Structure formats: C-alpha cells, structure tokens
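Overview (structure and organization)
Chain by chain, the residues run as shown.
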Amino acid sequence: MKKIILVSIALLALMATAAFAAGSGVITLTMATGAVGHEYDLSVVSAKEYMRLHPGIKVEVLKTPDLTTDRLGLFLQYFEAKSSDVDLMQIDVIWPGDIAENLVDLNRYGASKYVKDMFPAMVANDTVKGRLVAVPWFTDAGLLYYRADLLAKYGYKHPPKTWTELETMAKTIQDGERAAGNQDFWGYVWQGNSYEGLTCDGLEWLVSNGGGSIVEPDGRISIDNPKAAAALDMAASWVGSISPPGVTGYGEEDARRVFQAGNAAFMRNWPYAYSLGQASDSAIKDKFDVVPLPAGSAGRAAAALGGWQLAVSKYSKHPKEAADLLFFMTSERQQKMRAIDGSFQPTVKALYKDKDVLKAVPFFGKLFDVFMAAAPRPSTVTAPHYAEVSKVFYSECHDVLTGKQTGAEAVKNMSDEIKGILGQ
Ligand code: GLC
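A few points on the structure. Since this is a predicted model, take the numbers as computed values, not measurements. (Residues numbered from 1 in each chain as written. Predicted model: local features only at pLDDT ≥ 70, side-chain atom pairs only at ≥ 80, totals over all residues. Heavy atoms only, no water.)

Moving on, we come to the nonpolar core. In terms of nonpolar packing, the biggest core is built from 134 residues, with Leu106, Tyr188, Trp205 and Phe266 touching the most fellow members. Taken together, domain 1 (2-140 + 307-371) and domain 2 (143-302 + 385-421) each give at least three residues to this core, which thus spans both. Aside from chain neighbours lying at most four places away, what touches leucine 106 is Ala111, Leu132, Val133, Ala134, Val135, Leu310, Val312, Ala323, Leu326 and Phe327. (Core = buried A, V, L, I, M, F, W, Y, C linked by side-chain atoms within 4.5 Å. Buried < 20%, exposed > 50% of the residue type's maximum accessible area, 1.4 Å probe, protein only. Domains from an automatic or database assignment. Contact = heavy atoms within 4.5 Å.)

Right, let's get into the packing of helix 2 (residues 39-53) against helix 14 (residues 332-342). Running from amino to carboxyl end, helix 2 crosses helix 14 at an angle of 145°, the nearest separation of the two axes being 11 Å. As helix 2 runs across helix 14, the sense of the crossing is right-handed. Counted together, Glu39, Leu42, Ser43, Val45, Ser46 and Glu49 of helix 2 and Arg333, Gln334, Met337, Arg338, Asp341 and Gly342 of helix 14 form the full contact between these two elements. Split into classes, the residues belonging to the contact of helix 2 with helix 14 amount to three nonpolar, four polar and five charged. (Axes fitted to C-alpha atoms, helices over the stretch in contact; angles between N-to-C directions. Helix = DSSP H or I, 4+ residues; strand = E, 2+ residues; numbered from the N terminus. Left-handed = near helix turned anticlockwise from the far one by under 90°. Nonpolar A, V, L, I, M, F, W, Y, C, P; charged D, E, K, R; others polar.)

A separate point is the site of the ligand. What surrounds the ligand is a group of 13 residues, the closest being Asp92, Asp140, Glu252, Gly307 and Arg377. Here an oxygen atom of the ligand sits 2.6 Å away from a polar atom, N or O, in the side chain of aspartate 92. Between the ligand and tryptophan 270, the relevant distance is 3.1 Å, taken from an oxygen atom to a side-chain nitrogen or oxygen of the residue. Coverage of the ligand by the protein amounts to 93% of the 310 Å² it exposes when considered alone. Mapped by element, the contributors of at least two residues to the shell around the ligand are helix 9 (196-208) and strand 11 (305-312). Take the shell around the ligand: its biggest share by element is three residues, from strand 11. Domain assignment of the residues forming the shell around the ligand places at least three in each of domain 1 (2-140 + 307-371) and domain 2 (143-302 + 385-421). (Near = heavy atom within 4 Å. Polar contact = N/O pair within 3.5 Å; in protein donor to acceptor, adjacent residues only side chain to side chain. Areas by Shrake-Rupley, 256 points an atom, 1.4 Å probe, with all protein chains shown as cover.)

On inspection of all chains with the given rule, the structure shows 17 salt bridges. Measuring nitrogen to oxygen at the nearest pair gives 3.2 Å for the salt bridge that ties arginine 71 to glutamate 39. Placement of arginine 71 in helix 3 (residues 68-80) and of glutamate 39 in helix 2 is noted, with a sequence separation of 32 residues between them. Of the charged contacts in the structure, one is a salt bridge between aspartate 399 and lysine 404, with a shortest N-O distance of 3.9 Å. By sharing partners, the salt bridges in this structure join Asp201, Glu204 and Arg268 into a single network. (Salt bridge = Lys/Arg side-chain N within 4 Å of Asp/Glu carboxyl O.)

Structure, rendered in structure tokens:
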C-alpha cells in the first residue's frame, strides 16, 4: 500500500512537471516597450530577473517604433481590435487622458503602496477621473548637450545661455571644423520631423520666448501671438544654416547619431542620450556635458516635460499578473538600474539622492530644479483630443521649418484648427 502511494505521488509529480514544461501552467505576459537607446535591452534585463523570481510567468518584451507618434498609432490598433496580444504597454506622459478607457485601474491591485515614493505630480498625471491608469516609469526633460572640448578650442568660457549666443557659437564652431576638414560638421541638431518630438522642441521655443504653451491650463487657446510666431521663425532660420537641411526629418535618434559621431557642436535631446554618449565606443566620450536649454526673449529657459509610464491593457487576459509585473518593473530597484545603465530619469524621489545614480549621471543632481520646472504639454486640458491638437501644432510648425509658410501664418492656422477640434 505504502509503495502504491509513493509511486502515485511520484507519478503525479512527474505529470505536474511535464504539464508545467509543456507550458500549460505558464502564463505568458507580453510587454510592449520602447527601443530608443537602451530602452529595450534594459527592459529585457528586468524581465529576465522577474522570470527568475516567478517561474510560472514568461515575459515577452515587444519592441515598438522609435517615434512616439508611431507607437500611439500601433497601440490604438490594439485597442480598436480589443486585442489581448499585449498585456503591458509603455505609454507616453501625454497619453493618459486620451487613452484611459483602454487601461486598467491599477488601484484595484494595490498600487498606492508602490507609487507613494514617486513624485506626486507624475502620479496625478496618470490619474484620470480617479483611476490610476499607469505608473510613472521614467521622466524626461529637454536638455542642451554641448561639446565642452570644442567650446574650449574656440575660446568660449561657458555654454550658451541664450538662443542668440547658441547661434553665434554654433556658426563659429561649424565654420572652424569645416575649415579644418570635417565637411559633415553641423552647429546644432534637434528634432524637426513632423511628429510629437517637434511639439516638444517647439514648446521650448515658445515658452522661452514668452509665446505661451499653445493651449493654457485654463483652456484658452493662446498660440496666435507674435512671440510664438517669432519663436517659430527663429527655428526656421537655423535649417540649412547651423542645422542640416535634413533636420526637418530628424527624430531623437537621428540627432543623437550625428552628435555621438562627433559631427555636431550642440544637440537638443532627452537624458537617455547621455549614457550612450559616454559609452566606451562613443566618439564623444568625456568630451561633452549637459546644461539647461538656452533662454529666449522672455529671459527664461524652458525644458519640455516628457516621460514614460507602464500601463496594463483592459483587454489583457491576465490583468492581476500583469499588474504585479508592472509594479516590479517600475520599482525603485529596477529604476536605479535603468538610471545607472541607461540614464533614464527616475520617478522615485529618493533616487535623486542615491550616490551610485549621481555618480553615473551627475546632472540628475545638478539639474534637479530644471526637471521640476519642466513645461508640460497641454495634454490634460485638451484630453481626449491632445493627439489631434499636437498634430496641428507640429504639422503647421513643420511647414514653417520647410519654408512653406511664415510663423505668423502658422500660428493663425493653428489657432483656427485647434478651435475646431476643441469646439470653441
Ligand atoms: C520623449 C519623451 C516623450 C515625448 C517624446 C517626443 O520620449 O519622454 O514624452 O513625447 O520624447 O518625441
């Protein structure tokens, strides 16, 4: 009898192992993340660690397009089809108000104990009508990267504090480097393609010139004003002079490749570009630094507020497990790893005092105030129509950069079109 029981137990154990190995007990979670810079690699690192800790879960990391506008297009298709193919998604800071109805309320899975150590404004941004539809994963702010070695070579004692100063320095360094034989050298690279990235760069030009922020927090459409028009004309004057004509097709990665290859004096980009620039195979390792963007005629500098969150799709078949993975991915420990290895800016407050993080990315400490004062895009006030409003802004702005219209014409068109979208 004892033998029979033992054999049956052994058999049951064998069956369980076989069933587990065959995958019947394993839940697969698909997480759609970005692939800009180290985004994808580091997501895979975290996913592997999670799987080690949770043998019953298989995590598949799905790469998504580099441009946020294309990513949104992809996610909208999943939502439209009510697809359960993707369980977790990396969503942009501007999307919660537009796509909240497709996302799970993470409060149902005990989110409060995870988000309590994060910046309250970021958590508030991800809270739509009382539902926490995403958890802040990393934040972003537009920054000026500059070649410290070249500034010294041309006798500049400090990086530019105003756009005018940047124009002069960029031109001088560009002329000098070309005369020295590098015909591919440009003064300033940034994001001029017709997509959300241009809305970020454009907002920085506007705010630094006192031209408002397209639609104000109280709902007033402010874009049709002379300072905004002048800001767009200023950027258009760079195209083909201190910036390559092709800048009107640039996203973040295009600008980074030029700067990282040693072919630009200045670059506007997000923090992620820092760790790549400092990599051992980078042509600019230890030759560059990061400062706030220059001030415009308003006498102030402006950094656009960006950032990414993780969310669980309402159409996931495993929302509880997906939420658990989400809390792991966005935890302080994973954010610390991502900050050190990928210069992704944490959303957990304590990490700005962490000595390992500050050693790897010194400007996280030095520019803390810039991050805190970053200018948000008008996504909350225009929700659920932000994507349409932004498209008007970046398309009309792009037409100024390519010389099809003036800044004054553009801001008038923008205002009319945005009024139509918001029904004013
Ligand atoms: C960065 C920002 C994001 C922004 C995008 C624009 O990824 O984090 O908020 O929308 O750039 O290209």
